[in-house]
Amino acid sequence: TSSLTNQPYSYSKTVAEREAWEIVNKQTRWDLLTINPSFVMGPSLSKRLDATSVDFMRNMLKGAFRPGVPNTRMGFVDVRDVAKAHILAGFRAEAKGRHILSNQVL
């Protein structure tokens, strides 16, 4: 349901992956593997506070959602598991295809 005006970040990810698959299907020189994590949480390597996951946690701690949180469920995955998936994908010649990473739905 994302679009240029509704959740444009999600939309950009969808459009980019779709284009990548179109490109790979038009050639035989290389293959493609995509890793699509759900909401990534975990320790940050930087002091930046503008990352989506950091902002989400700060809003939870500040009580920004106290007026009411939408009745929604979403997948979460640890940033360290996402990093491990990328490393494994890079070192396994047989790795290919589309992969969804999600550890738990809350």
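Attention here is on the structure that accompanies the text. Predicted model only: the values in this text are computed from it and were never measured.

**Observations regarding the layout of surface pockets**
No. 1: Approximately 930 Å³ is the volume found for the largest pocket.
No. 2: Considering the residues around the largest pocket, the lining is formed by 26 residues, among which Y9, K13, P37, S38 and V40 are closest to the centre.
No. 3: At the level of secondary structure, the elements contributing two or more residues to the lining of the largest pocket comprise α1 (8-24), β1 (33-37), β2 (39-41), α2 (52-62) and α3 (79-91).
No. 4: Of all the elements, α1 adds the most residues to the lining of the largest pocket, at eight residues.
No. 5: Its residues placed into classes, the lining of the largest pocket shows 12 nonpolar, 10 polar and four charged.

**What to know about the nonpolar core**
No. 1: Core analysis: the biggest nonpolar cluster contains five residues, these being I35, V77, V82, A85 and L101.
No. 2: If we skip the residues at most four places from it in the chain, I35 touches A85, H86, A89, H99 and L101.

**Looking at unusual backbone geometry**
No. 1: The phi dihedral of Q7 is positive, around 55 degrees, even though this residue is not glycine.
No. 2: Note that Q7 resides in the segment before α1.
No. 3: Residue class for Q7 comes out partly exposed when judged on its relative accessible area of 47%.

Definitions and cut-offs
Residues numbered from 1 in each chain as written. Predicted model: local features only at pLDDT ≥ 70, side-chain atom pairs only at ≥ 80, totals over all residues. Heavy atoms only, no water. 1 Å grid on protein atoms, 1.4 Å probe; cavity = no way out; pocket = protein on both sides within 12 Å on 5 of 7 lines; lining within 4 Å. Points joined across faces, edges and corners; volume = space filled by probe spheres on them. Helix = DSSP H or I, 4+ residues; strand = E, 2+ residues; numbered from the N terminus. Nonpolar A, V, L, I, M, F, W, Y, C, P; charged D, E, K, R; others polar. Core = buried A, V, L, I, M, F, W, Y, C linked by side-chain atoms within 4.5 Å. Buried < 20%, exposed > 50% of the residue type's maximum accessible area, 1.4 Å probe, protein only. Contact = heavy atoms within 4.5 Å.

No statement about biological role is implied by the geometric values presented.
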